[in-house]
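Notes for the structure review
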Amino acid sequence: FNTPQQASYWTAVGEQKTITLPDNSVVQLNTNSRLQFDYRGQARAVYLHQGEVHFSVAKNPDRPFEVYAGTGRVRAIGTAFSVTLNDRSDEVNVLVTEGVVEIAPEISPEISPEVITPAMGAQAETHEAKPSGAQVLAARPAKQHQRVTAGSAAVFDREAVRAIAKVEDADMLQRLAWQQGLLIFSGEPLEEVVAEISRYTDTKIIIKSEDARALRIGGQFKVTDTRAIFSALEKGFGLKADYATNNLLYLSYDKNKKSII
């Protein structure tokens, strides 16, 4: 591709989307995610404003692929990796499934990319985004860049790359299950399970007791039907799901109800 190209994409809560960029890189957006790409500069620049995205990058050694998230940048030439931007902090999680990426924990752009806020019911693409070209971005030399290889995960913020660790195959499968529209749990407490499910629904979920909060959950669930998830939790784990309204759910635990799982 030789012509300058840019666009914005986003997903609603509970929605997932796969797009192919002009260079044939494939991008999968998880629930409630928002990004822009800008191919006008020397690099292929992507700006992750919100959420979780997996990138399968088309190789082009002459034009690096760069994802800007939080305060930093993740750079790859030909690889596959996911980036998650924590909406409660500037912390960024990176999971590398193929190849190698380089993380710069703090980038100082001369011009900040324009943030596009989608209107309700808008189309998932616009060509009005005008982020700054990647050529005007430069890493601050005080921050050490770190390389992360396939099968590893990293966490960084504006101060540093906080951790790099190998990821076991089972954990990798669980963390990437959203790409198949699934949530997989292997003994996490209900409080963590609810936090994950909440990413895929506008329904507010309140756990009514400490017994319920600590209950360990295992299983595989489809992200597209949260009501079916709670129905399965009722049948399999002795939970009771009470919908106060369509958007408010209370979870309690019946100790006397025998699990069938």
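All residue numbers refer to positions counted from 1 along the written sequence of the respective chain. Totals for whole chains, interfaces and linings use every residue, but because this is a predicted model, local features are given only for residues with pLDDT of at least 70 and side-chain atom pairs only at 80 or more, for both listing and counting. Note that the side-chain values use all heavy atoms of the structure and ignore hydrogens as well as water.

Section: the nonpolar core
If you look at the biggest cluster of nonpolar residues, it comprises 31 residues, and the most contacted ones within it are Leu35, Phe55, Phe65, Val67, Val74, Phe81 and Val83. Per the convention used, a helix needs a DSSP run of H or I reaching at least four residues, while a strand needs a run of E reaching at least two, with both numbered from the N terminus. Ranked by the residues each element gives to this core, the list is headed by strand S5 (residues 44-56), at four residues. Buried Ala, Val, Leu, Ile, Met, Phe, Trp, Tyr and Cys residues form a nonpolar core when they are joined through side-chain atoms within 4.5 Å. Buried residues are those whose accessible area, probed at 1.4 Å on protein chains only, stays under 20% of the maximum for their type, while exposed residues exceed 50% and partly exposed ones sit between those limits. In this structure, Leu176, Val194, Tyr200 and Phe230 belong to the second largest nonpolar core, which totals 28 residues.

Structural notes on the packing of aromatic side chains
Any two of the Phe, Tyr and Trp rings considered here, Trp counted by its six-membered ring, make a pair once their centres fall within 6.5 Å; the pair's planes then place it as stacked at under 30 degrees, edge-to-face at over 60, or tilted in between. In the structure shown here, the tally under the stated rule is six aromatic pairs. An angle of 45° between the planes, with centres 6.0 Å apart, marks the rings of phenylalanine 185 and phenylalanine 221 as tilted. On the criterion of sequence distance, the pair formed by phenylalanine 185 in strand S16 (residues 182-189) and phenylalanine 221 in strand S18 (residues 216-222) is long-range, its members being 36 residues apart. Taken together through their ring pairs, the aromatic side chains of Tyr9, Phe37 and Tyr39 make up a single cluster. The rule is short: NZ of Lys or CZ of Arg within 6 Å of the ring centre and within 35 degrees of the ring normal puts a charge over the ring. Above the ring of tyrosine 250, the side-chain terminus of lysine 208 is found at 5.9 Å from the ring centroid.

Remarks on the pairing of strand S14 (residues 152-156)
Each regular strand displays side chains that alternate between the two surfaces of the sheet. The buried count for S14 comes to five of five residues, which makes it a mostly enclosed element. What you see with S14 is no split at all: Ser152, Ala154 and Phe156 on one side and Ala153 and Val155 on the other are buried throughout. Any two strands with at least two DSSP-identified bridges between them are counted as paired. Two elements, strand S9 (residues 92-98) and S14, share five bridges in a ladder whose sense is antiparallel. By the bridge assignment for S14, valine 96 is matched with serine 152. The turn joining S14 and strand S15 (residues 161-166), which pair antiparallel and follow one another in sequence, is formed by four residues.

Considering the pattern of salt bridges
Take a side-chain nitrogen of Lys or Arg and a carboxyl oxygen of Asp or Glu: if they are within 4 Å of each other, that pair is a salt bridge. For the coordinates displayed, the defined rule picks out 12 salt bridges. A salt bridge links aspartate 242 to lysine 240, with the shortest nitrogen-to-oxygen separation between them at 3.6 Å. Owing to a relative accessible area of 31%, aspartate 242 belongs among the partly exposed residues under this scheme. Residue lysine 240 is classed as partly exposed on the basis of its relative accessible area of 44%. One salt-bridge network, held together by shared partners, links Glu52, Glu196 and Arg199.

Looking at the pairing of strand S3 (residues 26-29)
Across four bridges, the pairing between strand S2 (residues 17-20) and S3 is antiparallel. Residue threonine 18 lies in a different strand from S3, and its bridge partner there is glutamine 28. Between the antiparallel neighbours S2 and S3 lie five residues, among them asparagine 24 with a positive phi of about 75°. Pairing geometry for S3 and S5, over four bridges, is antiparallel. Counterpart to valine 27 in the pairing with S5 is phenylalanine 55.

Some thoughts on helix H4 (residues 226-237)
Between its first and last C-alpha atoms H4 spans 16 Å; for 12 residues at 1.5 Å apiece the expected length is 16 Å, and the two agree. Identification of polar contacts relies on pairs of N or O atoms within 3.5 Å, with a donor-acceptor requirement for protein atoms, meaning one able to donate a hydrogen and the other able to accept it, and with residues adjacent in sequence counted only if both atoms are side-chain atoms. One side-chain oxygen at the N-terminal end of H4 lies 3.4 Å from the backbone nitrogen of arginine 227; it belongs to aspartate 225. Residue glycine 238 follows H4 closely and has a positive phi angle near 75°. Under the convention used throughout, the expected extent of a helix is 1.5 Å for every residue step, that is, one less than its residue count.

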